[in-house]
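# Architecture and fold: a report
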Amino acid sequence: MSTTTIKTVGSASRNYSTWTAWEAATPANLTTSIAGGEIWQGEGYADSEFLETVTVSGTTVDSTGYPVMTAAAGQSICDSSGNALNYNAALGVALRYTGNGGHALNVAIDWVHSTRLQVYLDATGVTESAYLSTFGAADNHRVKDCIFKSRDGGQAVVQTCGGTFINCVAIAATAEADCGGFDQPSGTLLLVNCTAVRPSDLTPVGEGFNTRGTAATLNNCASFGFLNGTVDSTFDTLLGDYNATDHASGANGFVGAHSQHSLTYANQFNNTLLATADFKLKSGSDLIAHGNTDATNAPNDFFGTVRGVATDGDVGPHEYVASGPVTSLPFLDKGIYSRPMAGLF
Amino acid sequence: MELLVWVIDRGGIEPSNSVGTYYKGDVIIAKPDGENWGTDDRSDPRWRIVRVPVTQAQADQWTAFSVKNAAGHYWKRGVTLNWAALTPASLAAKFVFDGSRVNEIIALTQAQVQSIASLKANP
């Protein structure tokens, strides 16, 4: 049985002041460092914004031993009632990279789990991603409840060679030419309740989901503001259903008999403008109750709200609650009643 | 700037098509003077903290990847610092790994760091 080693990351006398140092300290072989495997878990604190580029690499991993990057209880943007499903370092653990020396978060080994984080590539002209899983076998890495944002063109906000993404948002916040949402160069990919958006005041370019690996399954996913909903290569097997986009059906639309096409972008989210974006669902959104809840992978939404059963569930990371989500209660921001850390994966 | 540096090889794997692990002489990260280093940042016997009067841009050169080889593999840090070449010997001794660590910030000049810095050969 695996043993979890928790290390705190933050600027207030935590174990490490940077994610880079936390990663550097990872035992070189997590499958043997502790008998039965070691889960090397970094728990971030929102003491201040993390301004760095992080590369997770050089460690032997498997299903019993792997790194986990997450936010401590009450420290994630998921825990905040003010969350607009947009990057906001004031509301939770946030990693932002402003340089030109790499991706904001580069996951170069398999099995890495990332959850409850915000990751922002705040640079232009560098042809990098907010999140990259390096080419190779990475089908077992998992990402859940994360916001990814990039101002850079030339490469998608999230570039991943497989793995599983649940309740994630990719925001292509750039006027540069070719910034897509999720790009899958290789591997086998599962996307559940993920949304790719390009603010509506930017010229549509790129694609929400570019699937060109071995296989990709997209369920309850949304793409808005791009030139194409999906672009699927002939090498890839594209599966899934209950997706939604403002793109027309057919070529570069979604597969699935229940997927919705040609939706009006402005009708779906609270605010779709670059400067004031709020990608939570608005009343009357076509994404409400048009999903098909994946009770195994995504029984709760980004905020912890229990999704509707089966086709009562919504598309994307946010489950709309007409009377206001219970997370609007102010004491929830104190971390007292925030989501449990266990069972996130 | 304050640098968190390795004084021993980390161990680990070097994939053929990606970035790998850290080695003795690698700079983990560079942060502005006065960084509130964590408890493990300050106590891990495999690391030291060095203060050197350079800009962030200059320090970033020491934390950059190497160039990629034909197989797409690159070192996690393209520059290595040869601690053994520091003079006097008492200064170099501060960077010898012996399983312990004095919790101090070691001051070096820019010239001292540049004199021991070199690009790694391609992987």
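Reference entry: report on the structure contained in this document. (Residues numbered from 1 in each chain as written. Chains lettered and ligands numbered in written order. Predicted model: local features only at pLDDT ≥ 70, side-chain atom pairs only at ≥ 80, totals over all residues. Heavy atoms only, no water.)

### Side note on the state of the cysteines
Defined as follows: Whenever a pair of cysteine sulfur atoms sits within 2.5 Å, that pair is classed as a disulfide.
Scanning the model with the defined rule gives zero disulfides over all chains in all. Unpaired in this structure, Cys-221 of chain A has its nearest cysteine sulfur neighbour in Cys-194 of chain A, at a distance of 5.0 Å.

### Concerning the sheet that holds strand 13 (residues 158-160) of chain A
In any sheet, the strands associate via hydrogen bonds between backbone groups, in a parallel or an antiparallel arrangement. Residue and element names in this part refer to chain A. Rules: Here, strands pair whenever DSSP counts at least two bridges between them. Numbering of helices and strands runs from the N terminus; a helix is a DSSP stretch of H or I covering at least four residues, while a strand is a stretch of E covering at least two. Angles shown run from 0 to 180 degrees and are taken between the N-to-C directions of axes, each axis being a line fitted to C-alpha atoms and, for helices, limited to the stretch in contact.
Strands sit in the order 4-7-10-13-16-19-22 across an open sheet of seven strands; the sheet is parallel. Whereas interior strands pair on both sides, the edge strands pair on one side only; in this sheet they are strand 4 (54-56) and strand 22 (228-232). Pairs of neighbouring strands in the sheet enclose a mean axial angle of 10 degrees, with direction left out of account. Of the pairings in the sheet, the one linking strand 13 to strand 16 (residues 182-184) comprises two bridges and is parallel in character.

### As for the nonpolar core
Note the threshold: To form a nonpolar core, buried Ala, Val, Leu, Ile, Met, Phe, Trp, Tyr and Cys residues must be joined to one another through side-chain atoms within 4.5 Å. The cut-offs for exposure are 20% and 50% of the maximum accessible area for each residue type, with area from a 1.4 Å probe on protein chains only; residues under the lower value are buried, those over the upper are exposed, and the others partly exposed.
Trp-19, Leu-105, Phe-148, Phe-165, Phe-182 and Leu-191 of chain A together with Trp-47 of chain B are the most contacted members of the largest nonpolar core, which totals 63 residues. If you look at the next biggest cluster of nonpolar residues, it comprises 22 residues, including Val-5, Leu-81, Val-113 and Ile-116 of chain B.

### Points about the interface of chain B and chain A
The test is simple: Whether two residues touch is decided by their heavy atoms; if any such pair falls within 4.5 Å, the residues are in contact. Each of two parts loses accessible area, computed with a 1.4 Å probe, when they are put together; buried area is these two losses added. Any carboxyl oxygen of Asp or Glu that lies within 4 Å of a side-chain nitrogen of Lys or Arg is treated as forming a salt bridge with it. Pairs of N or O atoms are called polar contacts if they sit within 3.5 Å, as long as, within protein, a hydrogen donor faces a hydrogen acceptor (for residues adjacent in sequence, only side-chain-to-side-chain pairs). Each residue receives one of three labels: charged for Asp, Glu, Lys and Arg, nonpolar for Ala, Val, Leu, Ile, Met, Phe, Trp, Tyr, Cys and Pro, and polar for the others, Gly being one of them.
In this assembly, 29 residues from chain B lie in contact with 30 residues from chain A. Where chain B abuts chain A, roughly 2,000 Å² becomes buried across the two surfaces, and 47% of that area is made up of carbon and sulfur atoms. Connecting chain B to chain A are two salt bridges. Between Glu-23 of chain A and Lys-76 of chain B there is a salt bridge, with the nearest N and O atoms lying 2.8 Å from each other. On inspection of chain B and its partner chain A, the count reaches 18 residue pairs in polar contact (both at pLDDT 80 or more). Contributions of two or more residues to the side of chain B that touches chain A are made by strand 1 (2-6), strand 2 (27-31) and helix 1 (39-43) of chain B. Classifying every residue of the side of chain B that touches chain A by side-chain character gives eleven nonpolar, nine polar and nine charged.

### Let's talk about the pattern of salt bridges
Using the criterion set out here, one finds 14 salt bridges over all chains in the structure. Residues Asp-44 of chain B and Arg-46 of chain B are paired through a salt bridge, measuring 2.8 Å at the closest nitrogen-oxygen approach. Classification of Asp-44 of chain B as buried rests on a relative accessible area of 10%. Three or more residues joined by partner-sharing salt bridges are found here, namely Glu-49, Arg-96, Asp-122 and Arg-151 of chain A.

### Considering the side chain of Asp-122 of chain A
Residues and elements named next belong to chain A. Counting through the fold element by element, Asp-122 comes out in the loop between strand 9 (118-121) and strand 10 (131-133). A distance of 2.6 Å separates a polar atom in the side chain of Asp-122 from a polar atom in the side chain of Arg-151. If we skip the residues at most four places from it in the chain, Asp-122 touches Arg-96, Tyr-97, Thr-98 and Arg-151.

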